Amino acid sequence: MKKIFSTITFALMGLAAVATSYNGNLTVTVNGVQSSQPTTIDIVEQGGKYTLSLKNFKLLSGNNELPVGNIVVDNVPGVKVAGVTMLHAGRNITIAKGDGEGDWTGPMLGEVPIKMSARFNDNGQMATTISIDMAETIGRIDVDFDATGNVFQMPNNNFETWTDATTEPKHWHGFKSATGSFAAMASSTLLKSDDKHSGDYSAVIASKQVFWVIANGTMTNGRLSADAIAAADPKNNSNTDLSLTDTDKNGDPFYTKLYAKPDAIQLWLKFRQGTASEQYPYATVSSVITDGTYYQEPEDKAYNNVVAKAQNKQITTGDWRLLNVPFDYASYAGNQAEAKAILFTVSTNATPGQGSDNDQVWIDDIQLVYNASISGLQYKGKPIAGFNPETETYTIENYEGIPVPDDFMANVEGQSAVLGKIVETTGAAHVAKISVVSGDLKTAKTYVVNFPIKALKGDINGDGKINESDVTVLVNMILSTTPQSATLGDINGDGKIDVSDVTALINIILEKK
């Protein structure tokens, strides 16, 4: 008896609903015109199925707003891979009246076709895209919801926030916060500049000649050390260590944590030399991903905690341009280190102590890039005919058995991209959904492969055979509280699914034996 009650208890626990609310920014694009608003999306999980709710959705245009209503996409199966849960649905829905009084337009639109892709991780970040086709009234509405914040980027990566405490950009450091015997003598500068790529400000670093030595302008998200008189001495470096507890005058640590593996780093940069140098003409940027233990640039020894590097040590003079520097993971794969921190350093010269007085580098809008795409899709070892990464839907007519997730293989591109596979069975087809999601959750693509169920009377489960398994499926359909299509289950053709269809199906099976 006790065992029975325990079983019932666990079963009820499995059916209990788990709700999570995500607060973030909603970007809405209507016929090419964008608007943004803070909002909340709720996701409820119950019995392995999910319901996504965007309540009180409104379209904004200047000071005007059009109340639309509550967008609810329910009964969506989810697949979880590497801590990321992926949801995808393409269907017609009716937008319900929003909470509170008002002229909500959603219910008046009737059924509208939507595509929804949501993905969230175990750390509380979530992103969602919803496309609504209202071609006959408003047009196409694209909704992008971001509840990831700045987690997957370096803080203050656009250099818009500066403080009086250090007169340096928040989260970034020059020689004013350096350590070492010669830190007080380091006179190169890190300043705010209104010569920028976007926004209001950029950061500019400048070299300075002290006696006969050029002190290179340097900025890092770690900490600078000036502990040797010779510029090329590795005691002069930028370094990072997650175990450090000291902070700068703003209360920020001298390190930046990393939560996923980026594929590249992009930044806008402008470089000008005080005096042109043919021998030392280059500025440099360096990004090193580590396991969070101590690391310095330039290196003073061989480090086995490096995960990847993205470096450009041949930046020539010129006006604002976008640099894209890919991370090299292959060269450091043997370290088997886990990505936990990133050290970014930019300097006015690639060679320490070289260049000229007042060499200047402006930096703006640093972006870590997380890719997610597939270059090929296979079913049971064979490429899906006509596959194109830009085409989302495919149909396979001739197949054997019921497709399962392991039947599909894909070539995934993206260091931290994850691939999720799930197969559903509807009244008319088996539907495979293959989703790829980037490490920062911002990019997602879902490919849908339809397998039309063969029209074999009595083959309820679509496996091409009629046997006792079909009886089980039919009984479950009758017992289910969810309305069922009569396409498959109506064995006797009376337009209903009931016990008489079970009898008719059993007779078909007996006739075949």
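About the cut-offs
Residues numbered from 1 in each chain as written. Predicted model: local features only at pLDDT ≥ 70, side-chain atom pairs only at ≥ 80, totals over all residues. Heavy atoms only, no water. Helix = DSSP H or I, 4+ residues; strand = E, 2+ residues; numbered from the N terminus. Buried < 20%, exposed > 50% of the residue type's maximum accessible area, 1.4 Å probe, protein only. Polar contact = N/O pair within 3.5 Å; in protein donor to acceptor, adjacent residues only side chain to side chain. Contact = heavy atoms within 4.5 Å. Pairing = 2+ DSSP bridges. Axes fitted to C-alpha atoms, helices over the stretch in contact; angles between N-to-C directions. Expected span 1.5 Å × (residues − 1). Arc of directions from axis to C-beta. Core = buried A, V, L, I, M, F, W, Y, C linked by side-chain atoms within 4.5 Å. pLDDT = per-residue confidence, 0-100.

(A) Just the side chain of Ser177, in detail. Looking at the element boundaries, Ser177 is found in the loop between β8 (139-146) and β9 (189-193). Its relative accessible area of 12% is what places Ser177 among the buried residues. Engagement of the side chain of Ser177 in a polar contact is seen with the backbone oxygen of Gly174, the distance being 3.4 Å. Those residues within four positions of Ser177 in sequence are excluded, and the remaining contacts are Glu168, Arg223 and Phe254.

(B) Main features of the sheet that holds strand β20 (residues 318-326). Within the open sheet, the five strands sit side by side as β9-β10-β22-β16-β20. Their pairing is antiparallel. With one partner strand each, in any of the chains shown, β9 and β20 form the two edges of the open sheet. Taken over all neighbouring pairs, the strand axes of this sheet differ in orientation by 30° on average, direction set aside. Note that strand β16 (residues 264-272) and strand β22 (residues 360-369) share eight bridges and pair antiparallel. When the bridges of β22 are listed, Phe271 appears paired with Val361.

(C) Representation of the environment of Val448 within the structure. Checked against the element boundaries, Val448 lands in strand β29 (residues 444-452). Residues Val448 and Gly90, spaced 358 residues apart in sequence, show a C-alpha to C-alpha distance of 9.6 Å. When neighbours within four sequence positions are excluded, Val448 is seen to be in contact with His88, Glu392, Thr393, Tyr394, Val431, Ala432 and Lys433.

(D) Seen up close, the side chain of Thr240. Note that Thr240 resides in strand β15 (residues 237-240). Dropping the residues within four chain positions of it, Thr240 is found in contact with Phe254, Tyr255, Thr293, Tyr294, Tyr295 and Leu343.

(E) Examining helix α2 (residues 468-479) more closely. Its 12 residues give α2 an end-to-end C-alpha distance of 17 Å, which sits within 8% of 16 Å, the value for a rise of 1.5 Å per residue. Within α2, the full set of buried residues consists of Asp470, Val471, Leu474 and Met477. Down the axis of α2, the sector holding all buried residues measures 120°, keeping them to one side. Taking the backbone nitrogen of Ser469 as reference, a side-chain oxygen 3.1 Å away marks Asn467 as the first, capping residue of α2.

(F) Just the nonpolar core, in detail. One finds Met219, Ile265, Ile289, Phe327, Phe344, Ile363 and Ile366 to be the most contacted residues of the largest nonpolar core, which totals 36 residues. At the level of elements, β10 (202-206), β16, β17 (283-290), β19 (306-315), β20, β21 (341-347) and β22 are the ones that each hand at least two residues to this core. The residues contacting Phe344, other than those within four sequence positions of it, are Met154, Trp172, Met219, Thr220, Asn221, Ile265, Leu267, Val285, Ser286, Ser287 and Ile366.

(G) Fine view of the sheet that holds strand β4 (residues 64-81). One closed barrel accounts for eight strands, arranged β1-β2-β3-β4-β5-β6-β7-β8; its pairing is antiparallel. Neighbouring strand axes in the sheet, compared pairwise and without regard to direction, differ in orientation by 25° on average. In terms of strand pairing, strand β7 (residues 126-134) meets β8 through eight bridges, oriented antiparallel. Bridging from a neighbouring strand, Ser131 pairs with Asp142 of β8.

(H) Representation of the confidence of the model for the protein within the structure. Scored by pLDDT, the protein has a mean of 90; 93% of the residues are at 70 or more. The model gives residues 1-14 a pLDDT under 50, and that stretch makes one contact with residues more than four places away or in other chains.

(I) Seen up close, unusual backbone geometry. Following Glu297, the chain continues to Pro298 via a peptide bond in cis, the omega torsion being 5°. Positive phi, normally seen in glycine, also occurs at Ala82, with a value near 50°. Phi is positive for His171, which is not a glycine, with a value near 80°. Residue position: His171 is located in the loop between β8 and β9. Classification of His171 as partly exposed rests on a relative accessible area of 24%.

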